[in-house]
Amino acid sequence: MLEHFQWLPFLLAITALTLTPGIDTLLIVRNAARGGSKDGFVSSLGICTGLFVHAFISAAGLSVILLGSAELFALVKYAGAAYLAWLGWHSLRAAWRAQALPVTGTPAQAVSARQSFREGFLSNVLNPKTIIFYMAFLPQFIDPEQSAMGQSMAMASIHFLIATLWQGSLVLLVERARLWLTKPITSQVMNGITGSLLMGFGVRLGMES
C-alpha cells in the first residue's frame, strides 16, 4: 500500500506532528504519573486507536461535511474543548485538595484500564487539531487512482506506530522519575501545571473562530 501514496513526505510530516508537544503529550505524562506505566500505556493505546477513527471519517468523505459546515465543525470543536477543560479541572481540583499523584507501587486510587483507554480515546477523537489534520492535510497524500480507504488506513497505521513509540518513551521517562514524583509538593505542582495547561487548551480551542 505504501507505493500508492506519497509516503515519505507524509512520514516526515506525521513525525513532526507527533513529536510536537501538545494535548496528547500532556495527557500521557499526567496519566503515567497518576497511575503508573499501565495507566500511561493504556492511555496511549486509546489515543492511537482514535487515529483510525479520523482516517475512516476522512476516507468516507465526511471531511467535506465537517469542513463545509461551520455549525457542525463548531459542535465538534466545542465538545473537544469542553472535554479538555473537564480533564484540566479534575487535575486542578486534585492540586487544590492537596491530593498527591498516585505514583507509588500501591496507588491510593487505582485507575481502571477502561478509564485510561477512554480518556486517551476521547482526547484524540475530540481534538480539533487532529480532526483538521486528517480531514484537510491527509487527503493531499492520497493517490486518487487508488483506494482512499486503504491508503487512509495505511497512513493511520504509520501514525499509530510512530505515536506509540514516542508516547511509550514518555511513559518510561515518567516511570524513571517516580521517586521524584512521589513527593507531595511535586505531585501538587504537576497537577496544577497540567490542569492549567489542559484547561488553557480547552478555553483557547473553544474561543478560536
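Above this note sits the structure.
It should be emphasised that the depicted structure is a prediction, and the values quoted were computed from it without experimental measurement.

Visitor: Is there a simple way to think about the overall build of the chain in this case?
Guide: Counting its secondary structure elements, the chain contains 9 helices and 0 strands. Mapped from its N terminus to its C terminus, the chain presents α and β elements in the order α-α-α-α-α-α-α-α-α. Across the chain, the fraction of contacts at a sequence separation of at least 24, relative to all contacts at a separation of at least 6, is 87%. Of the roughly 10600 Å² of accessible surface on the chain, a fraction of 70% belongs to carbon and sulfur atoms.

Visitor: Even after reading the chapter, I still don't get helix α2 (residues 23-59), so can you show me in this structure?
Guide: Residue pairs three or four apart in sequence face the same way in an α-helix, which turns once every 3.6 residues. If you check α2, its first and last C-alpha atoms are just 24 Å apart, much less than what 37 residues at 1.5 Å a residue would give, namely 54 Å. Where α2 bends most, the angle comes to about 145 degrees, and this point is Gly36.

Visitor: Looking at this structure, I do not really get the environment of Gln151. What am I missing?
Guide: By secondary structure assignment, the location of Gln151 is in helix α7 (residues 148-176). For the pair Gln151 and Ala55, spaced 96 residues apart in sequence, the C-alpha to C-alpha distance is 9.1 Å.

Visitor: Please clarify how the packing of aromatic side chains should be interpreted in this entry.
Guide: Within a pair of aromatic rings, the relevant descriptors are the distance that separates the centres and the angle that separates the planes. Taken as a whole, this structure holds 2 aromatic pairs when the rule is applied. A centroid spacing of 6.0 Å and a plane angle of 10 degrees characterise the contact between Phe117 and Phe121, whose relative ring orientation is stacked. You can see Phe117 and its partner Phe121 sitting in helix α5 (residues 113-125), 4 residues apart, about one turn around the helix. Under the relative-accessibility criterion, Phe117 is labelled partly exposed at 29%.

Visitor: Please clarify how the side chain of Arg34 should be interpreted in this entry.
Guide: For Arg34, the position within the fold is in helix α2. Within the structure, Arg34 has its side chain in polar contact with the side chain of Asp39 (distance 2.9 Å).

Visitor: Would you take a moment to explain the pattern of salt bridges for this structure?
Guide: Scanning the model with the defined rule gives 3 salt bridges in all. Of the charged contacts in the structure, one is a salt bridge between Arg34 and Asp39, with a shortest N-O distance of 2.9 Å. The two residues Arg34 and Asp39 agree in class, both being buried. For Glu119, the salt bridge is made with Arg34, and the minimal N-O distance between the two is 3.1 Å.

Visitor: I tried to follow the environment of Phe10 on my own but got confused; where do I start?
Guide: Structurally, Phe10 is set in helix α1 (residues 7-19). For the pair Phe10 and Ile158, spaced 148 residues apart in the sequence, the C-alpha separation amounts to 9.3 Å.

Visitor: In this structure, what is going on with the packing of α2 against α5? I would like to understand it.
Guide: Geometrically, a packed helix pair is captured by the angle between its two axes and the distance between the axes. Contact geometry for α2 and α5: axes closest at 6 Å, N-to-C directions at 50 degrees. With respect to α5, the axis of α2 lies oblique. At the point where α2 passes α5, the crossing takes the right-handed sense. Across the contact of α2 with α5, the residue classes tally to 11 nonpolar, 11 polar and 6 charged.

Visitor: What is the right way to read the packing of α2 against α7 from this model?
Guide: Their axes nearest at 8 Å, the elements α2 and α7 cross at an angle of 170 degrees. Comparing their axes, α7 and α2 come out roughly antiparallel.

Visitor: Sorry, what's going on with the environment of Gly88 here?
Guide: Relative to the assigned elements, Gly88 resides in helix α4 (residues 70-96). Taking relative accessible area as the criterion, Gly88 reaches 0% and is therefore assigned buried. Each C-alpha atom of the pair Gly88 and Met199 lies 4.7 Å from the other, and the pair is 111 residues apart in sequence. The contact partners of Gly88, leaving out residues within four places of it in the chain, are Gly195, Leu198 and Met199.

Visitor: Where do I start with the side chain of Asp39 in this structure?
Guide: Locating Asp39 in the fold gives a position in helix α2. A relative accessible area of 2% means that Asp39 is categorised as buried. Residue contacts for Asp39: discarding those within four places in its chain leaves Asn31, Arg34, Val111 and Ser116.

Criteria and thresholds
- Throughout this document, residue positions are counted from 1 along each chain, in the order its sequence is written.
- Reporting of local features is limited, given that this is a predicted model, to residues whose pLDDT is at least 70; pairs of side-chain atoms are given and counted only at 80 or more, and all residues count toward the totals for whole chains, interfaces and linings.
- Side-chain numbers come from the whole structure's heavy atoms, not from hydrogens or water.
- A run of DSSP states H or I qualifies as a helix once it reaches four residues; a run of E qualifies as a strand once it reaches two. Both are numbered from the N-terminal end.
- Residue contacts are counted whenever heavy atoms from the two residues lie within 4.5 Å of one another.
- For the area figures, the Shrake-Rupley method with a 1.4 Å probe applies, and any residue is considered shielded solely by the protein chains shown.
- Expected helix span is taken as 1.5 Å per residue step, with the number of steps being one fewer than the number of residues.
- Bend angle per residue: angle between axes fitted to the 7 residues ending at that residue and the 7 residues starting there.
- The aromatic pairing rule takes the rings of Phe, Tyr and Trp, using the six-membered ring of Trp, and pairs them if the centres are within 6.5 Å, calling planes under 30 degrees apart stacked, those over 60 edge-to-face and the rest tilted.
- Only protein chains enter the calculation, and the probe is 1.4 Å; a residue is then buried if its accessible area is under 20% of its type maximum, exposed if over 50%, and partly exposed in between.
- Any N or O atom pair separated by 3.5 Å or less is treated as a polar contact, with the protein-specific requirement of one donor-capable and one acceptor-capable atom, and with residues adjacent in sequence counted only for side-chain atom pairs.
- Salt-bridge detection follows one rule: a side-chain nitrogen of Lys or Arg within 4 Å of a carboxyl oxygen of Asp or Glu.
- Axis definition: a line fitted to C-alpha atoms, limited for helices to the stretch in contact. Angles are taken between N-to-C directions and run from 0 to 180 degrees.
- Any angle from 65 to 115 degrees is called roughly perpendicular, while one under 35 is roughly parallel, one over 145 is roughly antiparallel, and all others are oblique.
- Note: crossing handedness is left-handed where the near helix turns anticlockwise from the far helix by less than a right angle, and right-handed where it turns clockwise.
- Each residue gets one label: Ala, Val, Leu, Ile, Met, Phe, Trp, Tyr, Cys and Pro are nonpolar, Asp, Glu, Lys and Arg are charged, and the others, such as Gly, are polar.

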